[in-house]
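Summary of the model geometry
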Amino acid sequence: MKLIDITGLAAAAAQFADERAWHKYHSPKNLAMALSVEAAELVEIFQWSTEDESRAVMQSDEADHVRQELADIAIYLAQLCNVMKVDLNAAVEAKIVMNARKYPRPDA
């Protein structure tokens, strides 16, 4: 089952980096740190928000900002998977199976 396919995104991000000679900066450490920073920028949007405000963020002035931060996260994740030769789809599938075993359905 194909749950997630970042092939096109990974290729586009690699081309973008190639065109700027940025690959020398794209070590696993640097990409993981950049991914963490972008995730923190997403969290910052919700800082001090109520639960209701957080649920309504896409109807607020912050909607575009949320989309931009999610895009940054996706781009860095794709680059990190590419550099580390991780098949994200396989990793996600395995994690879902692991989670289902760890947290079985209440009615099972």
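Per an unreviewed UniProt entry, the protein chain goes by Nucleotide pyrophosphohydrolase and derives from Pararobbsia silviterrae.

Here we look at unusual backbone geometry
For Ala21, which is not a glycine, the phi torsion comes out positive at approximately 55°. The residue Lys85 is not glycine, and still its phi comes out positive at about 60°. By the secondary structure assignment, Lys85 is in the loop between α4 (63–84) and α5 (88–102). Using a relative accessible area of 71% as the deciding quantity, one classes Lys85 as exposed.

Focus on the packing of aromatic side chains
Per the stated rule, a full pass over the model turns up one aromatic pair. Judged by centre distance (5.6 Å) and plane angle (70°), the rings of Phe16 and Trp22 are edge-to-face. Arg20 extends its terminal NZ or CZ atom over the ring of Phe16, reaching a point 3.5 Å from the ring centre. The positively charged end of Arg20 is found above the aromatic ring belonging to Trp22, 6.0 Å away from the centroid.

Overview of helix α2 (residues 28–46)
Between its terminal C-alpha atoms α2 stretches 28 Å, which fits the 27 Å expected from 19 residues at 1.5 Å a residue. Inspection of α2 places Leu31, Ala34, Leu35, Glu38, Leu42 and Ile45 among the buried residues, and these make up the whole buried set. Each buried residue of α2 sits inside an arc of 100° when the element is viewed along its axis, so together they form one side. Looking at α2, the residues exposed on the side facing more than 90 degrees away from the buried face are Lys29, Val43 and Glu44. Of the surrounding secondary structure, the elements contacted by the buried residues of α2 are α4. One or two positions beyond α2, positive phi appears at Trp48, with a value near 75°.

Quick word on the side chain of His26
Position of His26 relative to the elements: it lies in the loop between α1 (7–19) and α2. In this view, His26 contacts Ala17, Leu31, Gln79 and Val83; residues no more than four positions away in its chain are not counted.

Topic: the pattern of salt bridges
Side-chain pairs of opposite charge can arise where the charged atoms are in close proximity. Applying the stated rule across the entire model yields four salt bridges. The residue Arg20 makes a salt bridge to Glu19 at a minimum N-O spacing of 3.4 Å. Judged by relative accessible area, which is 37%, Arg20 ranks as partly exposed. A salt bridge links Asp64 to Arg67; the shortest N-O distance between them is 3.9 Å.

Let's talk about the environment of Asn30
Structurally, Asn30 is set in helix α2. Separated by 62 residues in sequence, Asn30 and Val92 place their C-alpha atoms 22 Å apart.

Quick notes on the rules
- Residues numbered from 1 in each chain as written.
- Predicted model: local features only at pLDDT ≥ 70, side-chain atom pairs only at ≥ 80, totals over all residues.
- Heavy atoms only, no water.
- Helix = DSSP H or I, 4+ residues; strand = E, 2+ residues; numbered from the N terminus.
- Buried < 20%, exposed > 50% of the residue type's maximum accessible area, 1.4 Å probe, protein only.
- Phe/Tyr/Trp six-rings, centres within 6.5 Å; stacked < 30°, edge-to-face > 60°.
- Lys NZ or Arg CZ within 6 Å of the ring centre and 35° of its normal.
- Expected span 1.5 Å × (residues − 1).
- Arc of directions from axis to C-beta.
- Contact = heavy atoms within 4.5 Å.
- Salt bridge = Lys/Arg side-chain N within 4 Å of Asp/Glu carboxyl O.

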